[in-house]
Amino acid sequence: MFVSLKWLSRHVDLDGITPERLANDLTLSTAEVEGLERFAPQLHDVVVGHVRTREAHPDAEKLSVCTVDVGDAEPLTIVCGAPNVDAGQKVAVATVGTTLPGDFKIKKSKIRGVPSFGMICSIRELDLGEEHDGIWVLPEDCAVGATVAEALGVEDWIIEIDNKSLTHRPDLWGHRGIAREVAAIYERELLPLDTSLPATGNEAPYPISIETPGCTRYVGLPIDGVVPGPSPDWLRWLLLAVGQRPIDLLVDLSNFVMLDLGQPNHVFDRNRLDADGGGRGIVVRNARATETIETLDGETRTLRAADLLICAGETPVALAGIMGGEGSKVAPGTDSLLLEVATFDATTVRRTSTHVGLRTDSSARFEKSLDPNLPLQAAGHFARLLAKIDPNATFPAQPTDVGDWTDPATTIQLRFERVRTALGKRLPDEEIRRILERLAFRVTDGTHGQSVDLYDVSVPSFRATKDVTLEQDLVEEIGRIHRYGNIAPQPLHFDIVPPPRDERRLLVRQLQDRLAGGARFHENLSYSFIDDGLLEKLGLLEKPHVSVINPVNQNESRIRRNVAPSLLPRLEANRRNRTDVRLFEIGKAYEPENGNDRGEPKERHLLALAWAGQRPGKKAAWSENRLMGLQAIVNDLLHARGCGAPQWSAEGDPPAWAHPGKCLFLRLDGTDDVVGVVAELEPGLAPQLGLSGDLDSEVAVGELCLDALLAASLSGAGYQPLPKFPGIKVDVAVSCDESMSAGALIGLIEQAGKKQVANVELFDLYRGDSIGKGRKSLAFHVLLQSDTKTLTDKDEGKFLKRFEKLVGEAGGELRKG
């Protein structure tokens, strides 16, 4: 963004402030200045000349030989080819040695035999516009010999500000806003600006209606009596200084108001609006899908339903907030106009600008969330300037002001002690208050009971739309105006204390290391969203879920209740690349029906496991399946954790993904809840997950609740000393009813061993006619070991005798021989 110092001086006194100082202070307090340069430096090299005589060239019909006084002792002879050069004119002269734009250096030359000692310049040769029909004729009161910049009073400096540093400051996209900052930095008064409307007539207001929430305010002011023509010189020079090409009075004044206040506006030909709209006036609406409009740049734009249009009745006449339409521009000779000043939704303008590939000065400002109070101020500013420039301008009716908008001005509570703590400097209360008031904030003592350090800070509307919303924002405002460079650096002093022990974090790290290490599992990371299609496959779509708005994927608007389902869609892709897939994920799940008093859903921390691969062959041992393997991995995790003996049973409510007949539930001492579950995948679910045909797999899935695991009793883990005495290995086989579990038999073994059972391992399961229908045989390796003596065969016999008795009482039989 370009800022003219001459323009700024219309709003704030810059006396005594050099351009270099101003650029540096703006960088330190407001926004990064990228460049500083003199406006039109070539005008400081070109001087005012007075054409004393003009005669035809003796050897060229279209050339003139001029005698030009440039303030030197002797006038210069200059050969000129412009048709409009004449004696008595004041002109811009580039003398010998001057370098013009384009690196064109003026030299002494001879043109058709006549010596020439300079050049009388046109506007285009001085890079001030495209006019090249003749020389630039200066006003008669210009002093001969003075530089053109000096004579015309166009000496100016241009500051270029980085646009990125203004993105959060919609108030700084106009010279008035920058001047407000300058006034605050140098503690000077902001000069008054009258933006009230001039006198208007009593005709009926122009009809305007808004049919979309994308426009919150629309001001329309009818104007009569103005015929488009050239702008006054002061206006043209200011626009040129900031890179705007002057066109005519109406366009230039529209651009001036935008660059002055930061509020875009547009002038329509009211006669054409009435002809196209059939008397309905202006209608602001959303575009219809594939509707088109030809913009002022001659391009036809195809629109979407989300884009905003300004219409005359049903006919589009402008792309709202971006550019006017070709069909509504002011026709030559018209004197019936309508000034539009509006507030449009920032997001809508940005999306439309991106969609149609058209970014303008107008859209760049609307994208920043402009103050909705600006439209009426901008309309008054435009009208007053127009009336001053063209006394024939009249305003036949009051402006039409429609829309559903609210003043964004707000109040924020500020603690002055918080300011001092955050900035690291003991700023006096009076300085804090003074800085805020310099920035147009109003500070009043709050009525907050006993707290004497709580103040109400009123935030003006031009700072409240996007920028200042929190107490921290006010602290930043105070810091930047006071200058961070004025805050002395202080060494940090603090006590070094160990961080609090986070048992959950330590547990998660332990599980990750164990699974990714010896268990050879890969960790899966996924979002907490779960796909509606997967929920439907699992039969969980009707279960209560936390629902969210997910604009990225509307089919994932629910938050998962369990983590295990998040692993299931990953199995197919991984099985295509590996014969053995082992995945785990540690994440959160939510149950809205078990929420707390504040309505927050119950949050559960879970470990999910999935193990998939080729099915074992027909001759594989009964224990060679992934369900038992996954159970063993869980047992290893529990052992590493230091939990007591795991209690596995088939009693429980199987989850939706589990095979109901091959599902085991885990319980631990110290908690009444089920700690986890491992199961084979429900057979009917596998084909829906893509695990069929060549990818047919044996899949075991498990899930552990970390909250329950943390609550479980620990029996101690870590170093175990080597036994002092050797043990005895005993194999036992028990014939029992199908209903008796292996866990129950292990309990009987431990009871019979009287604390001498060091380890028990199930190694065989048999069913057959030899043991009877409805019965099974389970075989165990048992290690007997004592801490006080070496066990003998006699001790083994006592163990077997006690075990046989216990098995018999339980309805089983110890098999012998």
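Residues numbered from 1 in each chain as written. Predicted model: local features only at pLDDT ≥ 70, side-chain atom pairs only at ≥ 80, totals over all residues. Heavy atoms only, no water.

### Some points on empty space enclosed by the protein
Here's step 1: Counted according to the given criterion, the structure contains one cavity of 30 Å³ or more.
Here's step 2: If you list the elements that add at least two residues to the lining of the largest cavity, you get α4 (175-186) and α13 (461-464).
Here's step 3: Of all the elements, α4 adds the most residues to the lining of the largest cavity, at three residues. (1 Å grid on protein atoms, 1.4 Å probe; cavity = no way out; pocket = protein on both sides within 12 Å on 5 of 7 lines; lining within 4 Å. Points joined across faces, edges and corners; volume = space filled by probe spheres on them. Helix = DSSP H or I, 4+ residues; strand = E, 2+ residues; numbered from the N terminus.)

### With respect to the side chain of Q89
Here's step 1: For Q89, the location among the structural elements is in the loop between β5 (76-80) and β6 (90-95).
Here's step 2: In terms of polar contacts, Q89 uses its side chain to reach the backbone carbonyl oxygen of N84, at 2.8 Å.
Here's step 3: Residues within four places of Q89 in sequence aside, it is in contact with G49, H50, V51, N84, I135 and V137. (Polar contact = N/O pair within 3.5 Å; in protein donor to acceptor, adjacent residues only side chain to side chain. Contact = heavy atoms within 4.5 Å.)

### Details of the pairing of β5
Two faces make up the sheet, and in a regular strand the side chains alternate between them.
Here's step 1: Of all five residues that make up β5, four are buried, and the element is covered over most of its length.
Here's step 2: Inspection of the sheet shows strand β4 (residues 60-69) paired to β5 by five bridges, in the antiparallel sense. When the sheet's bridge partners are listed, T67 is paired in β5 with T77.
Here's step 3: Between β4 and β5, which pair antiparallel in sequence order, lie six residues; one of them, G71, sits at a positive phi of approximately 90 degrees. (Buried < 20%, exposed > 50% of the residue type's maximum accessible area, 1.4 Å probe, protein only. Pairing = 2+ DSSP bridges.)

### Focus: the sheet that holds strand β38 (residues 728-737)
Here's step 1: Spatially, four strands are ordered β39-β40-β38-β41 in an open sheet, and the strand pairing comes out antiparallel. Of all the strands in the sheet, the pair left with one neighbour each is β39 (757-766) and β41 (813-815). Neighbour to neighbour, the strand axes of the sheet diverge by 30 degrees on average, direction disregarded.
Here's step 2: Here β38 runs beside β41; their pairing, made up of three bridges, is antiparallel. Note that in β41 the partner of V734 across the bridge is L814.
Here's step 3: Its contacts with the sheet put helix α21 (residues 742-753) on β38, β39 and β40 (775-784), and the angle it makes with β40 is roughly 40 degrees.
Here's step 4: Across the face of the sheet, helix α22 (residues 793-809) comes into contact with β38, β40 and β41 while running at roughly 15 degrees to β38. (Axes fitted to C-alpha atoms, helices over the stretch in contact; angles between N-to-C directions.)

### Quick word on the side chain of T352
Here's step 1: Considering the arrangement of structural elements, one finds T352 in helix α8 (residues 346-356).
Here's step 2: With a relative accessible area of 3%, T352 lands in the buried category.
Here's step 3: With residues near it in sequence (within four places) discarded, T352 still touches R304, D307, L308, L319 and I322.

### Topic: the packing of helix α5 (residues 233-241) against helix α6 (residues 249-261)
Packed helix pairs are specified by the crossing angle of their axes together with the interaxial distance, meaning the distance between the axes.
Here's step 1: Contact pair α5 / α6: the axes reach a minimum separation of 10 Å and the direction vectors enclose 55 degrees. Looking at the two axes, α5 sits oblique to α6. Handedness of the crossing formed by α5 with α6: left-handed. Side by side, α5 and α6 meet where W234, L235, L238 and L239 of the first sit next to L249, D252, L253, N255, F256 and L259 of the second.
Here's step 2: Counted by class, the contact of α5 with α6 contains eight nonpolar, one polar and one charged residues. (Parallel < 35°, antiparallel > 145°, perpendicular 65-115°, else oblique. Left-handed = near helix turned anticlockwise from the far one by under 90°. Nonpolar A, V, L, I, M, F, W, Y, C, P; charged D, E, K, R; others polar.)

### Description of the sheet that holds strand β21 (residues 315-319)
Here's step 1: Ordered by their spatial adjacency, five strands build an open sheet running β14-β17-β20-β21-β22, and the pairing between neighbours is mixed. Both outer strands of the open sheet, β14 (208-210) and β22 (323-324), are each paired with one neighbouring strand and no more.
Here's step 2: Summarising the sheet, strand β17 (residues 282-286) and strand β20 (residues 308-312) pair through five bridges and their orientation is antiparallel. In the strand pairing of β20, N286 is matched with L308.

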